[in-house]
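What follows is the residue order along each chain.
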Amino acid sequence: MDQIYTVEDFYRAKLNWMPENLKNELGHFNVFRLSDFVHNSTKCGSYVRKEYFKVSLINGRHKYEYADKTIQIEDNALIFGNPNIPYHWEPLDDALSGYVCIFTESFFHQFGAAKFNEYPVFQPGGHPIYFLSDTQKQRITELFNRMFDEIGSEYTYKYDVIRNLVFELIHEAMKMEPATTLFTSSNAFARISSLFMELLERQFPISSPMQRVKFRSPTDFAGQLSVHVNSLNRALKETTGKTTSQLISQRILQEARSLLKYTDWNISEISWSLGFEELPHFINFFKRMYR
């Protein structure tokens, strides 16, 4: 399988330089203009998982691939990159411009921030791409420019300000969502749903044929969360519109597609890693999900 694309890999590929204190940091954040990147480096040659989060404002025609989806974007878009889902994008013309910020989760943990995988923009099955109107583009551009101002300042607490600017980006995007796609139910349902998604996602990515998914059924997850399976299903249906089984199956299918396409593992190894006891069960699952 391709290696995880690290923060160091990002700097080598995009900028041809490395921050001196990178390995000594508890967490990392930086912001760039696409024009900062070295010539022809905007095209990511491999479809790999990253070890960092990325938020990009891209102006111009480009193609974005994530999980098992390909989307062609004709104009302005705000894109959220999740470390757990492989992705890459490439320009389709020479008129590309915009901004990128990258950060590790540990950069926010030292401030006691919430886990990013709890936000819909970073959740598997969520919406990582947002098409922007001119007004929305201007508002997002202002946030990136404020990041540049802060990171270049001498203010002692500038990274506190930057953290808040990242959260503003996240919330600006979530405000663009139809109300039905965000949590609108009681706090209890939202909390159960969040805990389920965290437990589900904790099993991925599968990075070795020796690694295996442990929890596969709604009963498995309900037991781990100490709730009745019916309560779990009701909470997920209310907050996501999908059943427990659908969410589990979709995440396993997503991982199966990545492993089949981007590793040289044989199908038996992939089947076992994804928790199937028998190869025919995996084959039948895969066929059923594509009907």
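Here the structure is shown first, and the text comes after it.
Residues numbered from 1 in each chain as written. Predicted model: local features only at pLDDT ≥ 70, side-chain atom pairs only at ≥ 80, totals over all residues. Heavy atoms only, no water.

S.K.: When you look at the overall build of the protein in this model, what are you seeing that I'm missing?
M.R.: Scanning the protein from terminus to terminus reveals ten helices and eight strands. Taken across its 291 residues, the protein has 49% of its residues classed as buried. Considering only intrachain contacts with a sequence separation of at least 6, the fraction spanning at least 24 residues in the protein is 69%. Summing over all exposed atoms, the protein offers an accessible surface of approximately 14500 Å²; the carbon and sulfur share of this is 48%. (Helix = DSSP H or I, 4+ residues; strand = E, 2+ residues; numbered from the N terminus. Buried < 20%, exposed > 50% of the residue type's maximum accessible area, 1.4 Å probe, protein only. Contact = heavy atoms within 4.5 Å. Areas by Shrake-Rupley, 256 points an atom, 1.4 Å probe, with all protein chains shown as cover.)

S.K.: Hey, could you run me through the packing of helix H8 (residues 244–262) against helix H10 (residues 279–289) in this one?
M.R.: To describe two helices that pack against each other, one gives the angle between their axes and the distance between the axes. Relative to each other, H8 and H10 sit at 105°, their axes nearing to 11 Å. Taken as axis vectors, H8 and H10 run roughly perpendicular relative to one another. From H8, Ser249, Gln250, Ile252, Leu253, Ala256, Arg257 and Leu260 reach across to H10, where they touch Phe282, Phe285, Phe286 and Met289. Here the residues of the contact of H8 with H10 sort into eight nonpolar, two polar and one charged. (Axes fitted to C-alpha atoms, helices over the stretch in contact; angles between N-to-C directions. Parallel < 35°, antiparallel > 145°, perpendicular 65-115°, else oblique. Nonpolar A, V, L, I, M, F, W, Y, C, P; charged D, E, K, R; others polar.)

S.K.: It is not clear to me how a nonpolar patch on the surface should be interpreted in this structure. Could you clarify?
M.R.: On the surface, Leu260, Ile267 and Ile283 cluster together into a nonpolar patch covering about 200 Å² of accessible area. Mapped onto the secondary structure, Ile267 falls in helix H9 (residues 267–273). For Ile267, a relative accessible area of 36% puts it in the partly exposed group. (Patch = residues over 30% accessible without salt bridge, like charges linked within 9 Å, V, L, I, M, F, W, Y side chains within 5 Å. Salt bridge = Lys/Arg side-chain N within 4 Å of Asp/Glu carboxyl O.)

S.K.: Just to check I follow, could you spell out the environment of Arg163 for this structure?
M.R.: Relative to the helices and strands, Arg163 is located in helix H4 (residues 158–175). Along the sequence, Arg163 and Met147 sit 16 residues apart, while their C-alpha atoms lie 9.2 Å from each other.

S.K.: How should the sheet that holds strand E1 (residues 29–33) be read in this particular structure?
M.R.: Pairing between sheet strands relies on hydrogen bonds along the backbone, with the strands arranged either parallel or antiparallel. If you trace the five strands from one edge of the open sheet to the other, you get E1-E7-E2-E5-E8, paired in antiparallel fashion. The open sheet has two edge strands, E1 and strand E8 (129–131), and neither has a second partner. Strand-to-strand twist across the sheet, computed as the mean angle between neighbouring axes with direction ignored, equals 10°. The pairing of strand E2 (residues 53–59) with strand E7 (residues 97–103) spans seven bridges and is classified as antiparallel. Bridge assignment links Leu57 to a residue of E7, and that residue is Tyr99. (Pairing = 2+ DSSP bridges.)

S.K.: Just checking my understanding: could you explain the nonpolar core for this structure?
M.R.: The nonpolar side chains of a soluble globular protein tend to be buried, and buried together. Of all hydrophobic cores here, the largest spans 31 residues; its most connected members are Phe103, Phe116, Phe122, Phe144 and Ile170. Among the secondary structure elements, those contributing two or more residues to this core are E1, E2, strand E5 (77–81), E7, helix H2 (105–109), helix H3 (134–151) and H4. By residue number, the principal contributor to this core is H4, which donates eight residues. For Phe144, the residues in contact, after removing those within four places along its chain, are Val31, Val55, Leu57, Leu78, Tyr99, Val100, Cys101 and Leu169. Counting 26 residues, the second largest nonpolar core, distinct from the first, contains Val213, Leu232, Ala235 and Ile248. (Core = buried A, V, L, I, M, F, W, Y, C linked by side-chain atoms within 4.5 Å.)

S.K.: Any chance you could explain helix H7 (residues 229–240) here in plain terms?
M.R.: Every α-helix winds through 3.6 residues per turn, so residues three or four apart in the chain are directed the same way. With twelve residues, H7 should reach 16 Å at 1.5 Å per residue; the first-to-last C-alpha distance of 16 Å fits that figure. Within H7 the residues assigned to the buried category are Leu232, Ala235, Leu236 and Thr239. Buried residues of H7, viewed axially, fall in a sector of 95°; they line one side. Residue Gly241 follows H7 closely and has a positive phi angle near 80°. (Expected span 1.5 Å × (residues − 1). Arc of directions from axis to C-beta.)

S.K.: Hey, could you run me through the packing of aromatic side chains in this one?
M.R.: The description of an aromatic ring pair uses the distance of the two centres, along with the angle that the planes make with each other. Applying the stated criterion across every chain, the model contains 24 aromatic pairs. Ring centres of Tyr155 and Tyr157 lie 5.9 Å apart, and the angle between their planes is 70°; this geometry places the pair in the edge-to-face category. Assessed through its relative accessible area of 45%, Tyr155 is described here as partly exposed. Among the aromatic residues, those joined into a ring-pair cluster are Phe29, Phe53, Phe80, Phe103, Phe107, Phe108, Phe122, Tyr130, Tyr159 and Phe167. Just above the ring of Phe148 sits the side chain of Arg33; from NZ or CZ to the centre is 3.9 Å. Looking at Arg216, its charged tip hangs above the ring of Phe276, at a distance of 4.2 Å from the centre. (Phe/Tyr/Trp six-rings, centres within 6.5 Å; stacked < 30°, edge-to-face > 60°. Lys NZ or Arg CZ within 6 Å of the ring centre and 35° of its normal.)

S.K.: Help me out: how do you make sense of the environment of Gln254 in this one?
M.R.: With respect to the helices and strands, Gln254 occurs in helix H8. Look at Gln254 and you get buried, because its relative accessible area is 11%. When the C-alpha positions of Gln254 and Ile85 are compared, they lie 8.9 Å apart, and in sequence the two are 169 residues distant.

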